[in-house]
Amino acid sequence: MQVLRHGLKVYQPKLSMNACIILEQIYGPVSKPLENQLPSTSDMVFIFSLSLDRYNLSEDEIYELVDSVEDLFSFIVALYEDSGIISQEEPQDDTSNRPSTFEEMSNNMVTQCLSMGLSRQEFYDSTLKEVIQFVDSYNNNKQLELEEKAFFDWMLANLIGSSVARLLSKN
């Protein structure tokens, strides 16, 4: 995770789901500003400002922070990686059921996340990577609960079987 220090303040920039939807509405596919060519300085500053949107910084403060970053392009690429938008992993082959836009994907995911206990605000303030981690964690917890229930059901069945056998053996 990227951390910026400016004066006494510490900032943790991130591309939230909401920021990704805004990027998609402006540029098309979310990763498009990084494809095939170096994005313009104004595009990188815009992406940078979106990553700090939750801090409600003025334009001057944004530019001061931009000036404090040594390599803005590498910083933007790291933001995309930290957010889970791009990764070093090989892409999966199955793209037949993949939503065509980031906004469509997020609309599909928000309903699922709401039913799992994540609020709409938390969803849109989270990065794609954080949402995926939340869903994975939720699914792992549910799997553990099911395994625990299966174990207790098995134990109960054994106890019932033992009790019935004991009752039948007394007659």
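These numbers were taken from a predicted model, which means no experiment stands behind them.

What counts, and where the lines are drawn
- Residues numbered from 1 in each chain as written.
- Predicted model: local features only at pLDDT ≥ 70, side-chain atom pairs only at ≥ 80, totals over all residues.
- Heavy atoms only, no water.
- Phe/Tyr/Trp six-rings, centres within 6.5 Å; stacked < 30°, edge-to-face > 60°.
- Helix = DSSP H or I, 4+ residues; strand = E, 2+ residues; numbered from the N terminus.
- Buried < 20%, exposed > 50% of the residue type's maximum accessible area, 1.4 Å probe, protein only.
- Patch = residues over 30% accessible without salt bridge, like charges linked within 9 Å, V, L, I, M, F, W, Y side chains within 5 Å.
- Areas by Shrake-Rupley, 256 points an atom, 1.4 Å probe, with all protein chains shown as cover.
- Salt bridge = Lys/Arg side-chain N within 4 Å of Asp/Glu carboxyl O.
- Lys, Arg positive; Asp, Glu negative; His and termini not counted.
- Charge placed at Lys NZ, Arg CZ, Asp CG, Glu CD.
- Polar contact = N/O pair within 3.5 Å; in protein donor to acceptor, adjacent residues only side chain to side chain.
- Contact = heavy atoms within 4.5 Å.
- Axes fitted to C-alpha atoms, helices over the stretch in contact; angles between N-to-C directions.
- Left-handed = near helix turned anticlockwise from the far one by under 90°.
- Nonpolar A, V, L, I, M, F, W, Y, C, P; charged D, E, K, R; others polar.
- Expected span 1.5 Å × (residues − 1).

### Brief notes about the packing of aromatic side chains
At step 1: Taken as a whole and judged by the stated rule, the model has five aromatic pairs.
At step 2: Judged by centre distance (4.9 Å) and plane angle (85°), the ring pair of tyrosine 11 and tyrosine 55 falls under edge-to-face. In this pair, tyrosine 11 sits in strand E2 (residues 9-11) while tyrosine 55 sits in the loop between helix H2 (41-51) and helix H3 (59-68), placing the two residues 44 residues apart along the sequence.
At step 3: The exposure class assigned to tyrosine 11 is buried, which follows from its relative accessible area of 6%.
At step 4: Relative accessible area serves as the criterion here: at 27%, tyrosine 55 is assigned to the partly exposed category.
At step 5: Plain terms: the ring middles of phenylalanine 151 and phenylalanine 152 are 5.6 Å apart, the flat faces sit at 65° to each other, and that makes the pair edge-to-face.

### Details of a negative patch on the surface
At step 1: Negative charge collects at one region of the surface, where Glu59, Asp60, Glu64 and Asp67 lie side by side.
At step 2: With respect to the helices and strands, aspartate 67 occurs in helix H3.
At step 3: The class of aspartate 67 is exposed, set by a relative accessible area of 66%.

### Quick notes on the side chain of serine 83
At step 1: Within the secondary structure, serine 83 is located in helix H4 (residues 72-83).
At step 2: Of the polar contacts made by the side chain of serine 83, one reaches the backbone oxygen of leucine 79; its length is 2.9 Å.
At step 3: In this view, serine 83 contacts Lys14, Leu15, Thr127, Leu128 and Lys129; residues no more than four positions away in its chain are not counted.

### Looking at the packing of helix H5 (residues 102-115) against helix H7 (residues 128-170)
At step 1: As a packed pair, H5 and H7 sit with axes 11 Å apart at the nearest point and diverge in direction by 35°. In the packing of H5 onto H7, the handedness of the crossing is left-handed. Between H5, through Phe102, Met105, Met109, Gln112, Cys113 and Ser115, and H7, the contact on the second element is made entirely by Leu128, Val131, Ile132, Phe134, Val135 and Tyr138.
At step 2: Grouping the constituent residues of the contact of H5 with H7 by class yields 10 nonpolar, two polar and no charged.

### Points about H5
At step 1: With 14 residues, H5 should cover 20 Å at 1.5 Å per step; its first-to-last C-alpha distance of 20 Å lies within 8% of that length.
At step 2: Of all the residues in H5, the buried ones are Phe102, Ser106, Met109, Val110 and Cys113.
At step 3: Elements that come into contact with the buried residues of H5 comprise helix H1 (17-27), helix H6 (120-125) and H7.
At step 4: Just downstream of H5 lies glycine 117, where phi reads positive at about 105°.

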